[in-house]
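So you can see what is in the structure, the chains are spelled out below.
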Amino acid sequence: MQHLLDDIAAMAAADPERGVVASYIPELAGIDPNQFGIAIATADGEVLTAGDAETPFSIQSVSKIFALALALGRVGDQLWRRVGREPSGLSFDSMLLLEREDGIPRNPFINAGALVTTDTYLAGSTPREALGELLRFMRAAADDDSIHINETVAKSEFRTAHRNFSLAHYLASFGNLRASVEKVLGTYCHQCAVEMSCRQLALAGRFLVDAPLMPGLVSVERRRRINALMMTCGHYDGSGDFAFRVGMPGKSGVGGGILVISPGRASIAVWSPGLNRYGNSKLGTEAMETFAHRTGWSVFGVPHSAEGIKR
Ligand code: GLU
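Note that this is a predicted model, so its numbers are computed, not measured.

Visitor: Provide a residue-level description of the overall build of the protein, including the pertinent values.
Guide: When helices and strands are counted, the protein shows 13 helices and ten strands. Over its C-alpha trace the protein gives a radius of gyration of 18 Å, about what one expects of a compact globule, namely 19 Å for 311 residues. The dimensions of the protein, computed from C-alpha atoms along their principal axes, are 55 × 40 × 40 Å. Buried residues in the protein amount to 59% of all 311 residues. A fraction of 69% describes how many contacts in the protein between residues 6 or more apart in sequence connect residues 24 or more apart. Surface exposure of the protein reaches about 12,600 Å², of which carbon and sulfur atoms provide 52%. Here the protein holds 30 positive side-chain charges and 33 negative ones, and the gap between their average locations is 6 Å.

Visitor: An account of the site of the ligand is requested, with residue identities and associated values reported.
Guide: Near the ligand the following residues occur: Tyr-24, Gln-60, Ser-61, Phe-92, Asn-111, Glu-157, Asn-164, Tyr-188, Cys-192, Tyr-236, Gly-253 and Val-254. Contact distances for the ligand include 3.0 Å between an oxygen atom and a side-chain N or O atom of Asn-111. Bound to the protein, the ligand loses 99% of the 300 Å² it would expose on its own. For the shell around the ligand, a count of residues per class yields six nonpolar, five polar and one charged.

Visitor: Explain the pairing of strand β9 (residues 266-271) to me, using residue names and the numbers behind them.
Guide: Remark: a regular strand shows side chains that alternate across the two faces of the sheet. Within β9, six of the six residues are buried, leaving the element largely enclosed by the surrounding structure. Burial along β9 is two-sided: the residues Ala-266, Ile-268 and Val-270 and Ser-267, Ala-269 and Trp-271 are all buried. Pairing of strand β2 (residues 37-42) with β9 involves six bridges; the strand directions are antiparallel. If you follow Gly-37 over to β9, its bridge partner there is Trp-271. For strand β8 (residues 257-262) and β9, the ladder comprises six bridges, and the chain directions are antiparallel. Opposite Ile-261, over in β9, you have Ser-267 as the bridge partner. Between the antiparallel neighbours β8 and β9 lie three residues, among them Gly-264 with a positive phi of about 80°.

Visitor: Can you explain the sheet that holds strand β3 (residues 47-51)? Please cite residues and give values.
Guide: The five strands are arranged β3-β2-β9-β8-β7 in an open sheet whose pairing can be described as antiparallel. Edge positions in the sheet fall to β3 and β7 (250-252), since each of these pairs with one other strand and no more. When the angles between neighbouring strand axes are averaged without regard to direction, this sheet yields 10°. Pairing between β2 and β3: five bridges, direction antiparallel. Following the sheet pairing, Ile-38 is matched in β3 by Ala-50. Its contacts with the sheet put helix α1 (residues 2-14) on β2 and β3, and the angle it makes with β3 is roughly 25°.

Visitor: Would you mind going over the sheet that holds strand β4 (residues 57-58) in detail, with residue names and values included?
Guide: Within a beta sheet, neighbouring strands are joined by backbone hydrogen bonds and run either parallel or antiparallel to one another. Taken in spatial order, the three strands of this open sheet run β4-β6-β5, and their pairing is antiparallel. At either margin of the open sheet sits one strand with a lone partner, and together these are β4 and β5 (148-149). Two elements, β5 and strand β6 (residues 194-196), share two bridges in a ladder whose sense is antiparallel. Within β6, the residue paired with His-148 across the bridge is Glu-195.

Basis of the calculations
Residues numbered from 1 in each chain as written. Predicted model: local features only at pLDDT ≥ 70, side-chain atom pairs only at ≥ 80, totals over all residues. Heavy atoms only, no water. Helix = DSSP H or I, 4+ residues; strand = E, 2+ residues; numbered from the N terminus. Rg over C-alpha atoms; globule rule 2.2 N^0.38 Å. Buried < 20%, exposed > 50% of the residue type's maximum accessible area, 1.4 Å probe, protein only. Contact = heavy atoms within 4.5 Å. Areas by Shrake-Rupley, 256 points an atom, 1.4 Å probe, with all protein chains shown as cover. Lys, Arg positive; Asp, Glu negative; His and termini not counted. Charge placed at Lys NZ, Arg CZ, Asp CG, Glu CD. Near = heavy atom within 4 Å. Polar contact = N/O pair within 3.5 Å; in protein donor to acceptor, adjacent residues only side chain to side chain. Nonpolar A, V, L, I, M, F, W, Y, C, P; charged D, E, K, R; others polar. Pairing = 2+ DSSP bridges. Axes fitted to C-alpha atoms, helices over the stretch in contact; angles between N-to-C directions.

That is the geometry; function is a separate question.
Right, here's the structure in full:
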């Protein structure tokens, strides 16, 4: 496994086509695209890394997994009255379906759905309390109290969040927000500005792995459902392509991070800031394709021709 990670990091380092760094959040626009990291936290408690796996990055939409777990913890299945569970086939910040579907976002991973999720875990608390709860969840999942929010990134995103404000106002006009638009957006931008390294993110993802040594922060049924949503909706309009190429549930963020779960086996975090045309990490997606190919790991079947890497 260490050889495989080293190979993948070497391939990424040599790749001249690195994708395009997200520029709509000013603080993220200046990130060096020549970075690449990968980390795996296995079901038997090992953590292996390669490349820039200790460098913190903005997890952005990968935070929507933790936010979803928290919101489901608050209201359970009632959440599904306010947000759907279908892939949108549209970009992460699209407004198109909201009007046609009466302000019920397609799923909790597109921005509109994530704003409803944030509004749900925010209910009855101040943004500071709600974010404190979110951080506690992430820190418990990763067993690492140093995980924090980058204030500068949060402020930078809030100042330029015109589309997210529009989505939130739209949701509010349909009665699908409880807190004020400003409060929801402030909380959402801070949630997205959480920083983790690949090592921390791989550890934080263990609660979704479904194996005896992994942190049991959510029920088995909830874990399976979150994985199902990651598989169908975790990469926006590139979700089908990711499932086809990688065959494991994953969630991407515009910071270039991707968290991938191999149920029963491992939590894998990969990061490279340049994005492909869907807004998902270009080298991260390619690295996961190589990883899946070489290990034979897939939720759609057992390994045959792989290198014999078991758990
Ligand atoms: N904070 C970003 C936004 O709302 C998240 C998008 C993403 O990571 O895909 O635009």
